[in-house]
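Chain by chain, the residues run as shown.
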Amino acid sequence: MTQTTPAPGTVTMYSTTWCGYCHRLRTQMDSAGIAYDVVDIEQQPDAAAFVESVNGGNQTVPTVVFPDGSAATNPSLAEVKARLGL
């Protein structure tokens, strides 16, 4: 899997099925109308390696990637909106 940047106005969220913070952020983004793709790091080892690369070797989720290529770990909805210019 090649890491690609999300389309303008959207994000990519690296997640797991059991992550409460991930579920919360997804629900908040749904309510705010923010489009996103979810990548399950337990199903895609290269995605887990990417998450580790931006989190000091830790598989911390949610890790969100923005259209400018930057990443944030466990961002608030306000941060996601601000980084998307919403």
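Data block above holds the structure.
Attention here is on the structure that accompanies the text. Being a predicted model, the structure only gives us computed values, none of them experimental.

So, how was this worked out
- Residues numbered from 1 in each chain as written.
- Predicted model: local features only at pLDDT ≥ 70, side-chain atom pairs only at ≥ 80, totals over all residues.
- Heavy atoms only, no water.
- Helix = DSSP H or I, 4+ residues; strand = E, 2+ residues; numbered from the N terminus.
- Rg over C-alpha atoms; globule rule 2.2 N^0.38 Å.
- Buried < 20%, exposed > 50% of the residue type's maximum accessible area, 1.4 Å probe, protein only.
- Contact = heavy atoms within 4.5 Å.
- Areas by Shrake-Rupley, 256 points an atom, 1.4 Å probe, with all protein chains shown as cover.
- Lys, Arg positive; Asp, Glu negative; His and termini not counted.
- Charge placed at Lys NZ, Arg CZ, Asp CG, Glu CD.
- Polar contact = N/O pair within 3.5 Å; in protein donor to acceptor, adjacent residues only side chain to side chain.

## Points about the overall build of the chain
If you tally the helices and strands in the chain, you get three helices and four strands. Each helix and strand of the chain, ordered N terminal to C terminal, gives the series β-α-β-α-β-β-α. Since a compact globule built from 86 residues should have a radius of gyration of about 12 Å, the 12 Å found for the chain is in line with a globular shape. Dimensions of the chain along its principal axes, counting C-alpha atoms only, are 30 × 25 × 20 Å. Evaluated residue by residue, the chain yields a buried proportion of 37% over its 86 residues. Of the contacts formed within the chain by residues at least 6 apart in sequence, a portion of 59% connects residues at least 24 apart. In the structure as shown, the chain presents an accessible area of about 4,600 Å², 50% of it carried by carbon and sulfur atoms. Charged side chains of the chain number 4 positive and 8 negative; the gap between the two group centres comes to 11 Å.

## A closer look at the side chain of Thr 63
Locating Thr 63 in the fold gives a position in strand 3 (residues 63–65). Residue Thr 63 is classed as buried on the basis of its relative accessible area, which comes to 0%. Polar side-chain contacts of Thr 63 include one of 2.9 Å to the side chain of Asn 55. Ignoring any residue separated from it by four or fewer positions in sequence, one finds Thr 63 in contact with Thr 12, Met 13, Tyr 14, Val 51, Val 54, Asn 55, Ala 71, Ala 72 and Thr 73.

## A few points about the side chain of Ser 15
By secondary structure assignment, the location of Ser 15 is in strand 1 (residues 10–15). Discounting residues that sit within four places of it in the chain, Ser 15 has contacts with Cys 22, Val 38, Val 39, Asp 40, Ile 41 and Val 61.

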